[in-house]
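The residues making up each chain are set out below.
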Amino acid sequence: MKHDLQRTALDILSSCVDMSVATVRPDGAPQATVVSFAHDGLLIYFGCGADSQKAKNIAREPRISVTMTAPYDDWMKIRGLSIAAIAEEVTAPGELEQVWTLMTERFPQIASVEPVEPGAVKVMRVRPTMISILDYSKGFGHTDLVSIEAGDIAETLDSLRHHWLIPLGEAA
């Protein structure tokens, strides 16, 4: 991934707090839902009800689409992301702990929310495979389409604590 486009994508991710997640219902119909999210580099995390339609859709078909638009007050400054991705439930205790840290740093108000019963919420990891970066500052409707490889994601992480990105046998 080109580094300037990578920086633009990360800047947009950092300036947005909500995104639309599109999944596929069992009958093939699309379902789009707005969720708040946290991210570590290009990895995106969100929570949803364990029994929600979104969680059921992802369990059946992990390919999703995500969109977000950074706040703007001038059309010629519109910037956003449209992301094709794979969503997976986070189950590793260490990763869940890291996601909780990311969420509480981004949304301090979580501390005042009533705790939910164990198992009532699923945490999802969104791993982009393709990102379309919308940037009107480069021209009306300008987009750059970028294919995302594992190395692109790894180089954007705040640390190398993400052992689940390293295939077995490649760890140093």
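Further up the page is the structure itself.
Just so it is clear, the structure is predicted and the values come from calculations on it, not from any experiment. Each chain carries its own residue numbering, running from 1 in the direction its sequence is written. Restriction of local features to residues with pLDDT of at least 70 applies here, the model being predicted, together with a cutoff of 80 or more for giving and counting side-chain atom pairs; totals for whole chains, interfaces and linings are based on all residues. Here the side-chain values reflect all heavy atoms present in the structure, with hydrogen atoms and water set aside.

The next thing to look at is the overall build of the protein. Looking only at helices and strands, the protein features 4 helices and 8 strands. Oriented by its inertia axes, the alpha-carbon framework of the protein measures out at about 50 × 40 × 35 Å. In what follows, residue pairs with any heavy atoms lying within 4.5 Å of each other are defined as contacts. Considering only intrachain contacts with a sequence separation of at least 6, the fraction spanning at least 24 residues in the protein is 69%. Using the Shrake-Rupley algorithm and a 1.4 Å probe, accessible areas are obtained, with residue cover drawn only from the displayed protein chains. Accessible surface for the protein amounts to roughly 9600 Å². Of this, 56% is attributable to carbon and sulfur atoms. Strands here are runs of E lasting at least two residues and helices are runs of H or I lasting at least four, both read from the DSSP assignment and numbered beginning at the N terminus.

One can find Thr 8 in helix α1 (residues 3-15). The buried label goes to any residue with under 20% of its type's maximum accessible area, the exposed label to any with over 50%, and the partly exposed label to all in between, with areas taken from a 1.4 Å probe on protein chains only. Residue Thr 8 is classed as buried on the basis of its relative accessible area, which comes to 15%. Engagement of the side chain of Thr 8 in a polar contact is seen with the backbone oxygen of Asp 4, the distance being 3.0 Å. If we skip the residues at most four places from it in the chain, Thr 8 touches Arg 79, Ile 133 and Asp 135. Here a polar contact means two N or O atoms within 3.5 Å. Within protein one must be a hydrogen donor candidate and the other an acceptor candidate, and residues neighboring in sequence count only if both atoms are side-chain atoms.

Glancing now at a nonpolar patch on the surface. Residues Tyr 72, Trp 75, Met 76 and Phe 140 make up a contiguous nonpolar surface patch of about 500 Å² in total accessible area. When you line up the elements, Trp 75 lands in the loop between β5 (63-69) and β6 (79-89). Note that patches include only residues with greater than 30% relative accessible area and no salt bridge, and the join distances are 9 Å for like charges and 5 Å for nonpolar side chains (Val, Leu, Ile, Met, Phe, Trp, Tyr). The term salt bridge refers to a side-chain nitrogen of Lys or Arg lying within 4 Å of a carboxyl oxygen of Asp or Glu.

The buried fraction of strand β4 (residues 43-49) amounts to 5 of the 7 residues, a majority that puts the element mostly inside the structure. As paired elements, strand β3 (residues 38-40) and β4 share 3 bridges and run antiparallel to each other. The partner of Ala 38 across the bridge, within β4, is Tyr 45. Between any two strands, pairing holds if DSSP finds at least two bridges. Taken together, β3 and the strand that follows it, β4, pair antiparallel across an intervening segment of 2 residues, in which Gly 41 is found at a positive phi of about 60°. Relative to strand β7 (residues 121-135), β4 runs antiparallel, the two sharing 6 bridges.

This next bit is on the side chain of Asn 57. Within the element layout of this structure, Asn 57 appears in helix α2 (residues 53-60). Beyond its immediate stretch of four places on either side in the chain, Asn 57 contacts Thr 23, Val 24, Arg 25, Pro 26 and Gln 31.

Take the state of the cysteines next. Sulfur atoms of two cysteines make up a disulfide when they are within 2.5 Å. Under the counting rule described, the total for this entry stands at 0 disulfides. Free of any disulfide, Cys 16 has its nearest neighbouring cysteine sulfur in Cys 48, separated by 20 Å. Overall, the relative accessible area of 2% leaves Cys 16 in the buried class. Owing to a relative accessible area of 6%, Cys 48 belongs among the buried residues under this scheme.

Let us now look at the pairing of β5. Burial along β5 is one-sided: the face carrying Ile 64, Val 66 and Met 68 is buried and the face carrying Arg 63, Ser 65, Thr 67 and Thr 69 is not. Pairing of strand β1 (residues 18-24) with β5 involves 3 bridges; the strand directions are antiparallel. Counterpart to Ala 22 in the pairing with β5 is Ser 65. Bridge analysis of β5 against β6 gives 7 bridges, and the strand direction is antiparallel.

A few words now on the nonpolar core. Definition of nonpolar core: a set of buried residues of the types Ala, Val, Leu, Ile, Met, Phe, Trp, Tyr and Cys, connected through side-chain atoms within 4.5 Å. Residues Met 19, Phe 46, Met 68 and Leu 81 are the most contacted members of the largest nonpolar core, which totals 40 residues. Of all the elements in the fold, those that place two or more residues in this core are α1, β1, β4, α2, β5, β6, α3 (93-106) and β7. In this structure, Met 68 is in contact with Ile 12, Leu 13, Cys 16, Asp 18, Met 19, Phe 37, Ile 44, Gly 80, Leu 81 and Ile 83, ignoring residues within four places of it in sequence.

Attention now moves to the packing of aromatic side chains. To pair, rings of Phe, Tyr and Trp, with the six-membered ring standing in for Trp, must have centres within 6.5 Å; the planes then decide the type, stacked if under 30 degrees apart, edge-to-face if over 60, and tilted in the middle. Tallying each qualifying case throughout the model produces 2 aromatic pairs. Measuring from centroid to centroid gives 6.1 Å for Trp 75 and Phe 140, while their planes differ by 35°, and the two rings are tilted. With Trp 75 in the loop between β5 and β6 and Phe 140 in the loop between β7 and β8 (143-147), the pair connects residues that are 65 residues apart, well separated along the chain. Each member of the pair, Trp 75 as well as Phe 140, is classed as exposed. Through pairs of rings, three or more aromatic residues link up here, namely Trp 75, Tyr 136 and Phe 140. Note that Arg 106 overlies the ring of Phe 37, its terminal NZ or CZ placed 4.7 Å from the centroid. Two limits define a charge over a ring: the Lys NZ or Arg CZ must be within 6 Å of the ring centre, and within 35 degrees of the ring normal.

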